[in-house]
Amino acid sequence: MIDNAGLIIQVSCISSFVFLIAWYSLWHFGRRSSERERSFAVTLISSLVMTCCSIPVLYHAYQAGFASLLMPVSKEGYDWTLVATCFFMTSLAMDLCFGVLFYRSKVNILTGWIHHTAYIILLSWVIYVRLNRFFVAMCILELPTVCLSVGWVFPFLRHDYLFATLYVPTRIGFHAFMIKISWPFKTEVVAALLTLFPLHLYWFYGFICQQKRIRKERRHSSNASATTGSKQPLLQQVELIKDVSAVPPIVSTEDKFLHNGDQQQAIYHQQQRFNNNGVRMNNNKNYSSCHNMPTKITDTDPSYHTLPVGVTA
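Computed from a predicted model, the values in this text were never measured in an experiment.

**Comments concerning the overall build of the protein chain**
Alright, step 1. When helices and strands are counted, the protein chain shows 11 helices and 0 strands.
Alright, step 2. In sequence order, the protein chain lays out its α and β elements as α-α-α-α-α-α-α-α-α-α-α.
Alright, step 3. Within the protein chain, the proportion of its 313 residues that are buried is 33%.
Alright, step 4. Considering only residue pairs separated by 6 or more positions, the protein chain has 73% of its internal contacts joining residues 24 or more positions apart.
Alright, step 5. Per element, the accessible surface of the protein chain, about 20600 Å² overall, is 64% carbon and sulfur.

**Quick word on unusual backbone geometry**
Where the residue is not glycine, phi is negative for most of them; where a peptide bond is considered, it is trans in most cases.
Alright, step 1. For R130, which is not a glycine, the phi torsion comes out positive at approximately 60°.
Alright, step 2. By the element assignment, R130 lies in the loop between α5 (109-128) and α6 (132-138).
Alright, step 3. By relative accessible area, which is 22% here, R130 ends up partly exposed.

**Considerations on the pattern of salt bridges**
Alright, step 1. The final tally for this structure, using the stated rule, is 2 salt bridges.
Alright, step 2. Between R171 and E142 there is a salt bridge whose closest N-O contact spans 3.4 Å. Here R171, found in helix α8 (residues 160-182), pairs with E142, found in the loop between α6 and α7 (143-153); they are 29 residues apart in sequence, far enough to count as distant.
Alright, step 3. Overall, E142 belongs to the buried group, its relative accessible area being 14%.
Alright, step 4. D160 is the partner of R158 in a salt bridge, and the nearest nitrogen-oxygen pair spans 2.8 Å.
Alright, step 5. Take R158: its relative accessible area is 32%, and that puts it in the partly exposed class.

**Some details on the side chain of T145**
Alright, step 1. Within the secondary structure, T145 is located in helix α7.
Alright, step 2. Accessibility expressed as a relative area gives 12% for T145, which makes it buried.
Alright, step 3. If we ignore the near neighbours within four places in the chain, the residues touching T145 are T43, S47 and R171.

**Some points on the packing of α7 against α8**
Alright, step 1. For the pair α7 and α8, interaxial distance at closest approach is 8 Å and the crossing angle is 160°. Here α8 runs roughly antiparallel to α7, going by the angle between their axes. Our pair here, α7 against α8, has a crossing hand that is left-handed. Between α7 and α8, the contacting residues are L143, P144, T145, C147 and L148 on the first element and L162, F163, L166, Y167, T170 and R171 on the second.
Alright, step 2. Residue composition of the contact of α7 with α8, by class: 8 nonpolar, 2 polar and 1 charged.

**Quick notes on the packing of aromatic side chains**
For any two aromatic rings, the description comes down to two numbers: the centre-to-centre distance and the angle of the planes.
Alright, step 1. In this structure the tally under the stated criterion is 17 aromatic pairs.
Alright, step 2. Geometrically, the ring pair formed by F98 and F102 is tilted, given 6.3 Å between the ring centres and 40° between the ring planes.
Alright, step 3. In this structure F98 comes out as buried when scored by relative accessible area, which is 7%.
Alright, step 4. What links up through ring pairs into an aromatic cluster is the set W23, W27, F154 and F156.

**Focus: the side chain of S12**
Alright, step 1. Take S12: it is sitting in helix α1 (residues 4-29).
Alright, step 2. On the accessibility criterion, S12 (7% relative accessible area) is buried.
Alright, step 3. Setting aside anything within four residues of it in sequence, one finds S12 in contact with V83 and C86.

**A word on a nonpolar patch on the surface**
Alright, step 1. A cluster of nonpolar side chains, contributed by I109, L110, W113, I114, Y202 and Y205, occupies part of the molecular surface with about 650 Å² of accessible area.
Alright, step 2. Among the elements that take part in the nonpolar patch, α5 stands out by supplying 4 residues, more than any other.
Alright, step 3. Summarising the element assignment, I114 is placed in helix α5.
Alright, step 4. Note on I114: relative accessible area 48%, which makes it partly exposed.

**Description of the packing of α1 against helix α4 (residues 80-101)**
Alright, step 1. Contact geometry of α1 with α4 gives a least axis separation of 8 Å together with a crossing angle of 45°. Classified by the angle their axes make, α1 and α4 are oblique. Here the hand of the crossing between α1 and α4 comes out right-handed. Of the residues in α4, those in contact with A5, I8, I9, S12, C13, S16, F17, F19, L20, I21 and Y24 of α1 are L82, V83, C86, F87, T90, S91, M94 and F98.
Alright, step 2. Tallied by class, the residues present in the contact of α1 with α4 amount to 15 nonpolar, 4 polar and no charged.

Rules behind the numbers
Residues numbered from 1 in each chain as written. Predicted model: local features only at pLDDT ≥ 70, side-chain atom pairs only at ≥ 80, totals over all residues. Heavy atoms only, no water. Helix = DSSP H or I, 4+ residues; strand = E, 2+ residues; numbered from the N terminus. Buried < 20%, exposed > 50% of the residue type's maximum accessible area, 1.4 Å probe, protein only. Contact = heavy atoms within 4.5 Å. Areas by Shrake-Rupley, 256 points an atom, 1.4 Å probe, with all protein chains shown as cover. Salt bridge = Lys/Arg side-chain N within 4 Å of Asp/Glu carboxyl O. Axes fitted to C-alpha atoms, helices over the stretch in contact; angles between N-to-C directions. Parallel < 35°, antiparallel > 145°, perpendicular 65-115°, else oblique. Left-handed = near helix turned anticlockwise from the far one by under 90°. Nonpolar A, V, L, I, M, F, W, Y, C, P; charged D, E, K, R; others polar. Phe/Tyr/Trp six-rings, centres within 6.5 Å; stacked < 30°, edge-to-face > 60°. Patch = residues over 30% accessible without salt bridge, like charges linked within 9 Å, V, L, I, M, F, W, Y side chains within 5 Å.

Structure representation (structure tokens):
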């Protein structure tokens, strides 16, 4: 015979299983996404749901005292935090299953197999000792995971420093605070928190090393581009000098005839050019005279009947 808690666990796990399959199908079949983006699809929805679930629990714990989270939930009074815990446990198992089938190269040994398997075992123990309210309150630590997942699924929304800003007060600060709160009451809870705390420190150390490497690569890239840019004008000048030296000098027609010994042809071309220049100057003079005429010419003006074609009174 299944008791009330067992029925809630079964329904919650089956519902979460169906929901996560539908959610991942949207990313795998409904949109063009890379393997990296698909690998964070389940992490995105699970971290977002658990972060939202932790807010009301933390608000109640703030009013009643955070030590109240260490009180086990009664067997007759299982609340919605049990459903949330089952959802997160199912999401970890489904992430491994999807990883084996669709993004095997993105499932890391430490952050994938070891982390997810350890958390599934830990959550089974949490449900057994009825500390699901304490676990849901600790899910505020998933807030930086939301930022990380959004940055991987939507690369244009990636902000590394926002992730670091959320990581320090939650995964390090709040985690250390809950160790202090739990120290006088629950030895097994303190042991679990102390086991996971170095993992958070290690991840943040890896983030710092990553940012140093990115900054070093950017500095090296900027120096290389500056060096290339300083050499470019000199190369352009050399090419320009080569192009100019390849252009033949401009020689007039008269110079050609004189060079060939034909003096009469040179004199003839020079006179033709002089006559053409004279005609051009006369045309310019006539145009300037017409341009300076009064804007209104009456029919009494003797020049009315001698106006150029196209000029009207």
